Amino acid sequence: MVRLSDIVSINPALTAHLDDDLEVSFVPMKAVEAMSGRVDLSETRRAREVRKGYTSFYSGDVLWAKITPCMENGKVAVIRNLKNDVGFGSTEFHVLRPFARGVTAEWLFFFLTQQSVRQDARKHMTGSAGQLRVPTAYLADLIVPLPPRVEQRAIVVKIEAL
């Protein structure tokens with residue numbers, strides 16, 4: 001059992017310098033399908049248009065909707081195949097970047113889509129009615145049962161087969 005913040009960076013900043021004219025993927029909330037993890041990556045923008053005012057992420061990151069009702073509906077996705085490996089999107093996403101060698105993004109995706117995790121997160125939302133959000137501190141302190149990587153891969157394969 002580990003704290004989520006011990007295995008992922010939560011809402012990390014971009015580390016790469018991006019040229020203003022670089023074309024990047026843009027992911028609004030509506031582009032993430034609930035529960036399936038499918039993401040419509042057809043929208044692109046220039047880095048100068050999205051550098052400020054949007055959430056940034058890289059290929060391999062996990063996006064988790066933090067606002068109601070999107071979080072409860074299971075808007076979670078592993079982001080792959082971004083244009084130039086960089087994306088920007090809704091400010092209503094938490095970005096989780098696995099950094100521990102012992103965690104895979106796909107396993108994290110399936111863990112976060114569990115109804116029990118979403119129900120617990122709902123109890124910790126803050127804000128005004130209709131604008132409730134899961135705070136970063138909740139994710140940082142979330143206790144995660146972390147199986148070995150081999151088991152994580154087996155779990156992912158089995159779930160995907162089902």
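Attention in this report is confined to the structure presented alongside it. (Residues numbered from 1 in each chain as written. Predicted model: local features only at pLDDT ≥ 70, side-chain atom pairs only at ≥ 80, totals over all residues. Heavy atoms only, no water.)

A word on the environment of Ser-5
Reasoning step 1: Position of Ser-5 among the secondary structure elements: in the loop between strand 1 (2-3) and strand 2 (8-10).
Reasoning step 2: Along the chain, Ser-5 and Arg-118 lie 113 residues apart, while their C-alpha atoms are 17 Å from each other.
Reasoning step 3: Not counting residues within four places of it along the chain, the set of residues in contact with Ser-5 comprises Ile-10, Phe-99, Leu-139 and Ala-140.
Reasoning step 4: There is a polar contact of 2.9 Å between the side chain of Ser-5 and the side chain of Arg-3.
Reasoning step 5: Of note is the side chain of Ser-5, whose polar atom sits 2.9 Å from the backbone oxygen of Ala-140. (Helix = DSSP H or I, 4+ residues; strand = E, 2+ residues; numbered from the N terminus. Contact = heavy atoms within 4.5 Å. Polar contact = N/O pair within 3.5 Å; in protein donor to acceptor, adjacent residues only side chain to side chain.)

Focus on the pairing of strand 6 (residues 62-65)
Reasoning step 1: Here strand 6 shows no split at all, with Val-62 and Trp-64 on one side and Leu-63 and Ala-65 on the other all buried.
Reasoning step 2: Summarising the sheet, strand 6 and strand 7 (residues 76-78) pair through three bridges and their orientation is antiparallel. Note that in strand 7 the partner of Val-62 across the bridge is Val-78.
Reasoning step 3: Here four bridges tie strand 6 to strand 9 (residues 93-98), and the two strands are oriented antiparallel to one another. What sits directly across from Val-62, in strand 9, is Leu-96. (Buried < 20%, exposed > 50% of the residue type's maximum accessible area, 1.4 Å probe, protein only. Pairing = 2+ DSSP bridges.)

Focus on the sheet that holds strand 3 (residues 23-27)
Reasoning step 1: Pairing is mixed in the open sheet, where four strands are placed in the order 4-3-8-5. Whereas interior strands pair on both sides, the edge strands pair on one side only; in this sheet they are strand 4 (44-46) and strand 5 (55-58). Mean inter-strand twist for the sheet, computed between neighbouring axes without regard to direction, equals 40 degrees.
Reasoning step 2: In the sheet, strand 3 pairs with strand 4 via three bridges, with the strands oriented antiparallel. Bridged to Ser-25 within strand 4 is Thr-44. (Axes fitted to C-alpha atoms, helices over the stretch in contact; angles between N-to-C directions.)

A few points about the sheet that holds strand 9
Reasoning step 1: Ordered by their spatial adjacency, four strands build an open sheet running 2-9-6-7, and the pairing between neighbours is antiparallel. Pairing within the sheet leaves two strands with one partner each, and these edge strands are strand 2 and strand 7. When strand polarity is set aside, the average angle formed by the axes of neighbouring strands in this sheet is 20 degrees.
Reasoning step 2: One ladder, built from three bridges, connects strand 2 with strand 9; its direction is antiparallel. In the strand pairing of strand 9, Val-8 is matched with Pro-98.
Reasoning step 3: This element, helix 2 (residues 105-113), spans strand 2, strand 6, strand 7 and strand 9 of the sheet and lies at about 175 degrees to strand 7.

Details of the packing of helix 2 against helix 5 (residues 149-161)
Reasoning step 1: Between helix 2 and helix 5, the least distance of the axes is 9 Å, while the angle of their chain directions is 60 degrees. In terms of their interaxial angle, helix 2 and helix 5 are classed as oblique. Relative to helix 5, the crossing made by helix 2 is left-handed. Contacts between helix 2 and helix 5 involve Glu-106, Trp-107 and Phe-110 from the first element and Gln-152, Ile-155, Val-156, Ile-159 and Glu-160 from the second.
Reasoning step 2: Tallied by class, the residues present in the contact of helix 2 with helix 5 amount to five nonpolar, one polar and two charged. (Parallel < 35°, antiparallel > 145°, perpendicular 65-115°, else oblique. Left-handed = near helix turned anticlockwise from the far one by under 90°. Nonpolar A, V, L, I, M, F, W, Y, C, P; charged D, E, K, R; others polar.)

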